[in-house]
Amino acid sequence: MAEPESNLSYDQQERTKERKLGKNYKWIALSNTTLGALLASIDGSILIISLPAIFNGIGVNPIATGNVDLLLWLLLGYTIVSSVTVVTIGRLSDMFGRVKLYNVGFAIFSFASILIYAASYLLTGDTAVFAITGLRLLQGLGAGFLFANSAAILTDAFPSNERGRALGFNQIAAIGGSLAGMLIGGWLASIDWHLIFLISVPIGVIGTIWAYLALHELATIKKNQRIDVLGNVTFAVAIALILISLTYGLVPFGNNTTGWSSPIVQGGTMLGLILLVVFGFIERRAISPMFNLALFKIRAFAAGNLSMFLSGIARGGLQFMLIIWLQGIWLPLHGISFENTPLQAAICMMPLIIGFLVSGPVSGFLSDKYGARLFSTTGMLLNVVGFLALSTLSANFTYWIFALIIFVLGVGQGMFAAPNTSAVMSSVPPEYRGVTSGMRATLFNVSFMFSLVIFFSILIAGISTTLPTALYKGLIAQNVSASTANMISSLPPSSALFASLLGYNPMKALIPQNVISSLPVQNANVILGNSFLPTLLAVPFINGMHIVLYTGAAMALIAAIASALRGKTYRSPDPAKR
């Protein structure tokens, strides 16, 4: 009688796996899961640059009164849904099969992509926005299945001495895709905005069929497992409340430049945090918990997730800040029209992507030999240097210096991502890999949202202290009446930043057309020109940006310390048996 696989040595298990599936199966698993992670992450960021073309195509002004909610949900709803669902999906994958639920996710993603593309042609106006936004939420659910299972499938398929390299490529796809999505979206928007939604259709369909035919379940599924319904619901509601509240914290409320004073934002955030505490009590007493909190007793797991969360906060919102910097100030001052700044900004960000793509595979490969701690810690220290170096630049910087700094940031992020993921996934028993992958994906997405909200709020707070006065004086100098100048300078700075982010001339968005038409042509041309607002915005923006960059550097430094304290040994016994 053949020896049960659970009694085989590690090397014997790997040889048995190769006899069953062939030597190339691990590369098939890597190719498909990398495709899934790439596609899901590209779709998470593809709208950032292409939103102006989409809204123009369907005939809606995104920065008009009442349309900001549509803008936020179309932009961030995808990330919110995937963040809320990945841990639950990861737990279900441990119970019913990672490959099975991964295939379901690919199918959901592809089906939603087809419907979104159809809606972009068949519908217009607010109806189109609501339909596309709703279908993007469904697409985000499919992405949640892909994010929750790709790392777990790879961890099952690859031996420990090759796992860092494999997860490195997967992480390059996940993080690099979010960077590349901006460039792809801007490029496709310049050709035909419908292509933004079409690109995921053929790739998704091919990936779905390929996954169904080629992937095999390698995880050992325990029988008679039960679903922790109360824990799953509590966690999902808590994360949803926090993320939605954070999203509306970006929107001005009353006379305030942000929404943090809103009772809904404050109440939703507080209730979400309370529910997370309740979730912890539920899980400690549940017979079959959704997430085994004892995993946090594993030093490599706890340190790896903490450093990933902090690095995500340091990195995530910075992309938006740099794009606003480029689109709102630097590119217009160099003669680029506001309408052309979105694509040009994505091109200017290429050194960040290149640095990440260069360092990710190399650090993943080397971490298999030398461990994760050296590379992940060094990567975060490079980010500290990069943040501090950015803080030395003026608003109208020399591009090659900017490019070099963001290249270093990309290298640091690549050095951190793959080794850290490999260490986290290898630190837990095999039966927890699905839910661990889900928790890792949740922390990754939540850190992005935290970063965006924290950095944007800091930036707005910094700008709000000096921009109104500068804008008032600038408008008065161009023969705008004092009452009108006072009204315009009192508007939330976020309106101007959102306008520049979307490729609109901010002054056209802020100043009523009848005011512009009443001015002498020379004054009107100055106000609507490329340099008027960027010149006024430069000093206030840099003041706010300094606080953002110092905060990012502090987060990256703490992440480096947490990474250095992870220890050298990652594989641990089942914490539930301690």
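Residues numbered from 1 in each chain as written. Predicted model: local features only at pLDDT ≥ 70, side-chain atom pairs only at ≥ 80, totals over all residues. Heavy atoms only, no water.

### Here we look at the overall build of the protein
Here is the rule we go by: Numbering goes from the N terminus for both helices and strands, where a helix is a DSSP run of H or I of at least four residues and a strand is a run of E of at least two. Our radius of gyration looks at C-alpha atoms and nothing else; its globule reference is 2.2 Å times the residue count to the power 0.38. Charged residues are defined narrowly, with Lys and Arg counted positive, Asp and Glu counted negative, and His plus the chain ends left uncounted. Positions of charges follow a simple convention, taking NZ of Lys, CZ of Arg, CG of Asp or CD of Glu.
Looking only at helices and strands, one finds 24 helices and zero strands in the protein. A compact globule built from 578 residues should have a C-alpha radius of gyration of about 25 Å, and the protein, at 24 Å, falls within 12% of that. Along the longest, intermediate and shortest principal axes, the C-alpha atoms of the protein span 95 × 50 × 45 Å. Charged side chains of the protein number 31 positive and 19 negative; the gap between the two group centres comes to 8 Å.

### Quick word on the pattern of salt bridges
For clarity, the cut-off: Salt bridge, as used here, is a side-chain nitrogen of Lys or Arg placed within 4 Å of a carboxyl oxygen of Asp or Glu. For every residue, the accessible area (1.4 Å probe, protein chains only) is compared with the maximum for its type, and the residue is labelled buried under 20%, exposed over 50%, or partly exposed between those bounds.
Per the counting criterion, the structure on display carries three salt bridges. For glutamate 162, the salt bridge identified is with lysine 26, shortest N-O distance 2.8 Å. Here lysine 26 lies in helix α2 (residues 25-45) and glutamate 162 lies in the loop between α6 (125-157) and α7 (163-191), a separation of 136 residues in the sequence. Lysine 26 shares its class with glutamate 162; the two are buried. Here arginine 98 makes a salt bridge to aspartate 156, at a shortest N to O gap of 2.6 Å. Of this pair, arginine 98 sits in helix α5 (residues 98-122) while aspartate 156 is found in helix α6, placing the two residues 58 residues apart along the sequence. Of the two residues, arginine 98 and aspartate 156, both sit in the buried class. Residues joined in a network through salt bridges with shared partners are Asp94, Arg98 and Asp156.

### A short note on helix α13 (residues 341-348)
Inclusion rule: Working definition: the arc comes from the directions between the helix axis and the C-beta atoms, pointing outward to the latter.
Looking only at α13, the buried set comprises Thr341, Pro342, Ala345, Ala346 and Cys348. In a view along the axis of α13, the buried residues occupy a sector of 160°, so they form one face of it.

### Section: the packing of helix α12 (residues 299-333) against helix α15 (residues 372-390)
Heads up, the condition is: A fitted line through C-alpha atoms serves as each axis, taken over the contacting stretch for helices, and the angle formed by two N-to-C directions is quoted from 0 to 180°. An angle below 35 degrees is read as roughly parallel, one above 145 as roughly antiparallel, one from 65 to 115 as roughly perpendicular, and any other as oblique. By definition, turning the near helix anticlockwise from the far helix through less than a right angle yields a left-handed crossing, and turning it clockwise yields a right-handed one. Any pair of residues with heavy atoms lying within 4.5 Å of one another is described as a contacting pair.
The contact between α12 and α15 brings their axes to 12 Å, and the two run at 30°. Compared by their axis directions, α12 and α15 come out roughly parallel. Crossing geometry of α12 relative to α15 is assigned as left-handed. Between α12 and α15, the residues in contact are Ser311, Ala314, Leu318, Leu322 and Trp325 and Met380, Phe387 and Leu390, respectively.

### Points about the nonpolar core
Keep this limit in mind: Definition used in this section: a nonpolar core is a set of buried Ala, Val, Leu, Ile, Met, Phe, Trp, Tyr and Cys residues joined via side-chain atoms within 4.5 Å.
Core analysis: the biggest nonpolar cluster contains 112 residues, and Trp325, Phe541 and Met545 have the highest contact counts within it. For this core, the leading source of residues is α12, giving 17 residues. Beyond its immediate chain neighbours, meaning those up to four positions away, tryptophan 325 contacts Trp330, Leu390, Leu393, Ser394, Ala395, Phe397, Phe541, Ile542 and Met545.

### Quick look at the side chain of threonine 133
Tracing the backbone through its elements, the reader meets threonine 133 in helix α6. Sequence-distant contacts of threonine 133, defined by excluding residues within four places in its chain, comprise Trp73 and Leu74.

### Some details on a nonpolar patch on the surface
We count it as follows: Grouping into patches uses exposed residues only, defined as over 30% relative accessible area, and leaves out salt-bridged ones; the cut-off is 9 Å for like charges and 5 Å for nonpolar side chains (Val, Leu, Ile, Met, Phe, Trp, Tyr). Note on areas: these come from Shrake-Rupley sampling with a 1.4 Å probe, and a residue is covered only by the protein chains present in the view.
A grouping of Ile354, Val358, Trp400, Ile401, Leu404 and Phe407 is seen on the molecular surface, where their side chains present a nonpolar patch of about 560 Å² in accessible area. Among the secondary structure elements, those contributing two or more residues to the nonpolar patch are α14 (350-370) and α16 (399-426). Examining the composition of the nonpolar patch, we find that four residues originate from one element, α16, more than from any other. Summarising the element assignment, valine 358 is placed in helix α14. The exposure class of valine 358 is partly exposed, given its relative accessible area of 47%.

### Focus: the packing of aromatic side chains
Convention followed: Any two rings among Phe, Tyr and Trp, with Trp reduced to its six-membered ring, count as a pair given centres within 6.5 Å; such a pair is stacked if its planes are under 30 degrees apart, edge-to-face if over 60, and tilted if neither.
Within this structure, the stated rule accounts for 14 aromatic pairs. Here tryptophan 27 and phenylalanine 158 contribute two aromatic rings whose centre-to-centre distance is 5.2 Å and whose plane-to-plane angle is 80°, an arrangement assigned as edge-to-face. With tryptophan 27 in helix α2 and phenylalanine 158 in the loop between α6 and α7, the pair connects residues that are 131 residues apart, well separated along the chain. On the accessibility criterion, phenylalanine 158 (1% relative accessible area) is buried. Here phenylalanine 296 and phenylalanine 301 contribute two aromatic rings whose centre-to-centre distance is 5.1 Å and whose plane-to-plane angle is 70°, an arrangement assigned as edge-to-face.

### Quick word on the packing of α5 against helix α9 (residues 200-214)
Defined as follows: Nonpolar residues are Ala, Val, Leu, Ile, Met, Phe, Trp, Tyr, Cys and Pro. Charged residues are Asp, Glu, Lys and Arg, and all others, Gly as well, are polar.
Remark: α5 packs on α9, axes separated minimally by 9 Å, with the N-to-C direction vectors making an angle of 160°. The orientation of α5 with respect to α9, classified from their angle, is roughly antiparallel. Of the two elements, α5 crosses α9, and the hand of that crossing is left-handed. Between α5 and α9, the contacting residues are Tyr102, Asn103, Phe106, Ala107, Phe109, Ser110, Ser113, Ile114 and Tyr117 on the first element and Ser200, Val201, Gly204, Val205, Gly207, Thr208, Ala211 and Tyr212 on the second. Taken together, the residues of the contact of α5 with α9 break down into 10 nonpolar, seven polar and no charged.

### Side note on unusual backbone geometry
Here the phi dihedral of asparagine 479 falls at roughly 70°; this positive angle occurs in a residue that is not glycine. Locating asparagine 479 in the fold gives a position in the loop between α18 (467-477) and α19 (482-489).

### Notes on the environment of phenylalanine 387
Mapped onto the elements of the fold, phenylalanine 387 is located in helix α15. Overall, phenylalanine 387 belongs to the buried group, its relative accessible area being 0%. Measuring from C-alpha to C-alpha, the distance between phenylalanine 387 and leucine 318 comes to 9.4 Å, with 69 residues separating the pair along the chain. Look past the residues within four positions of phenylalanine 387 in its chain and what remains in contact with it is Ala314, Leu318, Leu409, Leu549, Gly552 and Ala553.

### Things to note about the environment of isoleucine 329
Relative to the elements of secondary structure, isoleucine 329 occurs in helix α12. Since its relative accessible area comes to 0%, isoleucine 329 is described here as buried. Separated by 304 residues in sequence, isoleucine 329 and tyrosine 25 place their C-alpha atoms 50 Å apart. Apart from residues no more than four positions distant in its own chain, isoleucine 329 is found in contact with Ile324, Ala395, Pro534, Leu537, Ala538 and Phe541.

### Some thoughts on the environment of phenylalanine 109
Structurally, phenylalanine 109 can be placed in helix α5. Counting along the chain gives 76 residues from phenylalanine 109 to threonine 33, while the straight-line C-alpha distance between them is 14 Å. Discounting residues that sit within four places of it in the chain, phenylalanine 109 has contacts with Leu39, Ala40, Asp43, Tyr78, Gln139, Gly142, Ala143 and Ser200.

### Observations regarding the confidence of the model for the protein
So the rule is basically this: Summary of the metric used: pLDDT quantifies the predictor's per-residue confidence within the range 0 to 100.
Here the protein averages 83 in pLDDT, and 92% of its residues register 70 or above. Every residue in residues 572-578 scores below 50 in pLDDT, and together they form 19 contacts with partners more than four places removed in sequence or on other chains.

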